[in-house]
Amino acid sequence: MTDSGVEPNAKPPASVLFVCLGNICRSPLAEGIFRRLLNETGLGKEIHVDSAGTGAWHVGGAPDTRSIETAARHGLDIAGQRARKVRDADFENFGLILAMDRSNRDTLLARAPASARNRIHLFMEHSLGISADVPDPYYGAGDGFEAVYRMLEEGSSALVEKLVAGRRSLSG
Ligand code: 4NP
């Protein structure tokens with residue numbers, strides 16, 4: 001229960017998990033960008049943010065150097081993140097699970113218990129209402145990472161705005 005008397009389950013999702021394939025390119029950027037925006041709006045302590053991959057190739061590894069460098073160009077340090085694979089417990093623990101592309105969204109939906117399926121969404125669709133993938137930049141040229149960064153920044157801003165607006169209307 002909050003000061004405003006709002007029921008706990010009327011709050012915005014208290015945790016967000018970003019999911020891509022390797023958890024070294026897109027979702028670490030999403031995690032870093034979203035966390036910074038939350039901190040800037042004062043919601044940083046209230047919402048737990050994490051990222052994971054549907055694949056296990058890079059578990060325990062740092063983000064791809066191209067993601068680290070792209071983030072650094074925008075004043076964001078994501079070098080301390082370590083890749084992990086999606087765990088069964090994630091489907092219980094996260095209020096919102098956002099996949100970077102349809103392929104990973106479908107992998108999550110196939111694996112999730114029925115009770116968790118309505119918490120799994122495509123990142124661009126959920127944040128901006130655009131039915132688009134955040135493209136996998138791993139095998140492409142370096143500028144793919146900058147394009148990914150911009151998509152993630154735009155979507156994350158919209159998501160944080162919604163969370164802030166939701167809180168305002170709840171406490172209004
Ligand atoms: P991510 O990119 O899913 O954005 O982390 C990839 C990273 C590694 C691989 C594929 C995509 N891989 O095949 O190793």
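Everything that follows concerns the structure shown earlier in this document.
Thresholds, definitions, all that
- Residues numbered from 1 in each chain as written.
- Predicted model: local features only at pLDDT ≥ 70, side-chain atom pairs only at ≥ 80, totals over all residues.
- Heavy atoms only, no water.
- Near = heavy atom within 4 Å.
- Polar contact = N/O pair within 3.5 Å; in protein donor to acceptor, adjacent residues only side chain to side chain.
- Areas by Shrake-Rupley, 256 points an atom, 1.4 Å probe, with all protein chains shown as cover.
- Nonpolar A, V, L, I, M, F, W, Y, C, P; charged D, E, K, R; others polar.
- Disulfide = S-S within 2.5 Å.
- Buried < 20%, exposed > 50% of the residue type's maximum accessible area, 1.4 Å probe, protein only.
- Helix = DSSP H or I, 4+ residues; strand = E, 2+ residues; numbered from the N terminus.
- Pairing = 2+ DSSP bridges.
- Right-handed = clockwise from strand over helix to strand, strands pointing away.

Colleague: Got a minute to help me understand the site of the ligand in this structure?
Modeller: Residues in contact with the ligand, as listed here, are Cys20, Leu21, Gly22, Asn23, Ile24, Cys25, Arg26, His58, Asp136, Tyr138 and Tyr139. Taking leucine 21, its main chain carries an N or O atom lying 2.8 Å from an oxygen atom of the ligand. Contacts to the ligand include asparagine 23, whose backbone N or O atom sits 3.2 Å from an oxygen atom. When the free accessible area of the ligand is taken as 350 Å², the share hidden by the protein chains comes to 93%. For the shell around the ligand, the class distribution of residues is six nonpolar, three polar and two charged.

Colleague: So what exactly am I meant to see when it comes to the state of the cysteines here?
Modeller: The full count for this structure, using the stated rule, is zero disulfides. The thiol sulfur of cysteine 20 is not disulfide-bonded, and the nearest other cysteine sulfur, from cysteine 25, lies at 6.9 Å. When its relative accessible area of 5% is taken as the criterion, cysteine 25 is described as buried.

Colleague: It is not clear to me how the pairing of strand 1 (residues 15–20) should be interpreted in this structure. Could you clarify?
Modeller: Within a regular strand, side chains alternate between the sheet's two faces. Burial within strand 1 is extensive, with six of its six residues counted as buried. Along strand 1, one buried face is formed by Ser15, Leu17 and Val19 and the opposite face, lined by Val16, Phe18 and Cys20, is buried too. Where strand 1 and strand 2 (residues 48–53) come together, six bridges link them in parallel fashion. Each residue of the ladder has a partner; that of cysteine 20, found in strand 2, is glycine 53. Crossover handedness for the path strand 1 to helix 1 (residues 26–41) to strand 2: right-handed. Pairing of strand 1 with strand 3 (residues 96–99) involves four bridges; the strand directions are parallel. Looking at the pairing, valine 16 lines up with leucine 96 of strand 3.

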